[in-house]
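Residue-level structure breakdown
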Amino acid sequence: MKLSSTTDGAEGGATAGGGRYGTPAGGNGSAPRSAGRNALPRSAFRAWPEIRARLRAANRWAVFVDFDGTLARLRSRPDDVTVPLGVKRVLQRLARNANIFIAIVSGRRRQNLRDLIGVERVHYFGLHGAERDGEQATVSRESALALESAKRAVRRELGPFPGIWIEDKGLAFSVHHRDAHAAESQSAGAALVTLLAPWKDALHVLDGSRVWEILPKEIPGKHAAVGRVLGGLPAGTSVVYAGDDGTDEPAFAMLPDQITIRVGYTRNTRTGAQFCLPSPAYVLRFLTRLERELR
Ligand SMILES: [Mg+2]
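Because the structure is predicted, anything quoted here is derived from the model rather than measured.

1. Some words on the overall build of the chain
Secondary structure summary: the chain contains eight helices and 11 strands in total. Across the 295 residues that make up the chain, the buried fraction comes to 50%. Long-range pairs, those at least 24 residues apart, make up 63% of the contacts in the chain between residues at least 6 apart in sequence.

The following block contains the structure:
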């Protein structure tokens, strides 16, 4: 049974399937390559002349950046994550440029992102885009009830698994398996599929970096929020999107002609992104170069 995938509801020609849910994410999460795109992603630094030319061809830019694993290094617990000062500074400089729309798009709650980063004029999109500027996330009563029932069942059944813990995010919850052995992750994933079956019409699962995110289907994912923003920006706006796991793949698929960057890329990663960077430290270097270029 396929309960959901990271690409459910993806717009603009996103790949079908996914179906990795229920298996260990292998440390970096992954998703199917975009239909019709078989090229491996190229280093964003080696491809910089091409990226620069594409940026210079526009006079408005939208920069979307995931948070965990992209701007900040992953930790066992989300509460242990800190934001390097250099990241805050480059975000400040980007946000001061009136021709740049800069947004952080994350599975975290919006307020948590704001507290961690604390840079004014940056747009913070929490809960996979459901919490946006001036907008509180809402879902139907049916979805809210389904989520509460599913949360209780998952807590009861998966709570005792070693290395697995459940995070309540209000309109979503996460099953973290970063600290679990591969066999435990696999068993927990399989158990999760079975447990969530009664609510498969109301809920879906996004496969993050060693985390399964359970959300109402009314919250499709980050790509939907990005699509809405782009709909309100002038035609010809050049887009950069950087992210590190399966929850970012539908956005890569939605932006086939834009600058998409998979962070933490290894040879085992399947991605629809055009470019890649090895780690958040390189994302900082990339954003610094980008900001200078767009001044
Ligand atoms: Mg991430």
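There is more to say after this.
2. Describing the sheet that holds strand S8 (residues 211–216)
Hydrogen bonding along the main chain pairs the strands of a sheet, whether they run parallel or antiparallel. Taken together, four strands build an open sheet; the order of strands is S5-S6-S8-S7 and the sheet is antiparallel. The two strands at the open ends of the sheet, each matched to only one other strand, are strand S5 (165–168) and strand S7 (203–207). On average, adjacent strands in this sheet sit at an angle of 20° to one another, irrespective of strand direction. Pairing of S5 with strand S6 (residues 173–176) involves four bridges; the strand directions are antiparallel. Residue pairing in the sheet places Asp168 in a bridge with Phe173 of S6. In the packing of helix H4 (residues 141–158) onto the sheet, the strands contacted are S5, S6, S7 and S8, and the crossing angle to S5 comes to about 155°.

3. Thoughts on the sheet that holds strand S4 (residues 123–125)
Read across the open sheet, the seven strands follow the order S1-S11-S10-S9-S2-S3-S4; overall the sheet is parallel. Lying at the two open borders of the sheet, with one neighbouring strand each, are strand S1 (42–43) and S4. Bridging between strand S3 (residues 100–105) and S4 involves three bridges; their strand directions are parallel. Looking at S4, one finds that Ala103 is bridged to His123. Here helix H6 (residues 222–231) sits on the sheet in contact with strand S2 (61–65), S3, S4 and strand S9 (238–243), set at roughly 165° to S3.

4. Things to note about the nonpolar core
Counting residues in each nonpolar core, the largest one holds 50 residues, and the members touching the most others are Val63, Ile104, Tyr241 and Ile261. If you tally residues by element for this core, the top one is S3, at six residues. Ranked by size, the runner-up nonpolar core spans 27 residues in total, among them Leu127, Ala137, Leu147 and Trp199.

5. Section: the pairing of S3
Counting buried residues in S3 gives six out of six residues, a clear majority hidden from the surface. The pairing of S2 with S3 spans five bridges and is classified as parallel. Paired with Phe64 across the bridge in S3 is Ala103. Once you follow S2 into helix H2 (residues 85–96) and on to S3, the crossover reads as right-handed. Assessed by its sense of winding, the connection that carries the chain from S3 through helix H3 (residues 110–117) to S4 is right-handed.

6. Looking at H4
Spanning 18 residues, H4 covers 25 Å between terminal C-alpha atoms, matching the ideal 26 Å at 1.5 Å per step. Among the residues of H4, those classed as buried are Ser143, Ala146, Leu147, Ala150, Val154 and Leu158. Looking down the long axis of H4, one finds its buried residues gathered within 100° of arc, a one-sided arrangement. The outward face of H4, more than 90 degrees from its buried face, is lined by the exposed residues Arg141, Glu148, Arg152 and Arg156. The secondary structure elements touched by the buried residues of H4 are S5, S6, helix H5 (182–196), S7 and S8.

7. A word on the pairing of S6
Along S6, one buried face is formed by Phe173 and Val175 and the opposite face, lined by Ser174 and His176, is buried too. Where S6 and S8 come together, four bridges link them in antiparallel fashion. Directly across from Val175, in S8, lies its bridge partner Trp212.

8. Side note on helix H8 (residues 280–293)
Between the first and last C-alpha of H8 there are 20 Å, a value that for 14 residues agrees with the 20 Å anticipated at 1.5 Å per step. Taken together, the buried positions of H8 are Pro280, Val283, Phe286, Leu287, Leu290 and Glu291. Axial view of H8: buried residues confined to an arc of 135°, hence all on one face. Buried residues belonging to H8 abut H2, S9, strand S10 (259–263) and strand S11 (275–277).

9. Regarding unusual backbone geometry
In this model, Leu127 sits at a positive phi of 45°, which is unusual for a non-glycine residue. With 24 C-beta atoms counted inside 10 Å, the residue Leu127 sits in the buried group. A positive phi is found at Arg210, a non-glycine position, where the angle reads about 55°. In this structure Arg210 comes out as buried when scored by C-beta crowding, with 23 C-beta atoms within 10 Å.

Cut-off values and rules
For every chain, the first residue of the written sequence is number 1, and numbering continues from 1 onward in sequence order. The model is predicted, so local features are restricted to residues of pLDDT at least 70 and side-chain atom pairs to those at 80 or more, both for listing and for counting; the totals for chains, interfaces and linings are taken over all residues. Helix and strand definitions here come from DSSP, where helices need a minimum of 4 consecutive H or I residues and strands a minimum of 2 consecutive E residues; each element is numbered from the N-terminal end. In this scheme the burial state of a residue depends on its C-beta neighbours within 10 Å: 20 or more other such atoms mean buried, 12 or fewer mean exposed, and anything in between means partly exposed; the C-beta positions come from the backbone. A pair of residues counts as a contact when their C-beta atoms, built from backbone coordinates, are within 7 Å of each other. One bridge is not enough; two strands pair if DSSP finds at least two bridges between them. Simply put, an axis is a line fit to the C-alpha atoms, just over the touching stretch for a helix, and the angle between two N-to-C directions goes from 0 to 180 degrees. Residues enter a nonpolar core if they are buried, belong to Ala, Val, Leu, Ile, Met, Phe, Trp, Tyr or Cys, and are joined to the set through C-beta atoms within 7 Å. Consider the strands pointing away from the viewer: the crossover is right-handed when the path from the first strand over the helix to the second runs clockwise. Helix span, expected: 1.5 Å multiplied by one less than the number of residues in the helix. The arc in question is traced by the directions running from the helix axis to the C-beta atoms.

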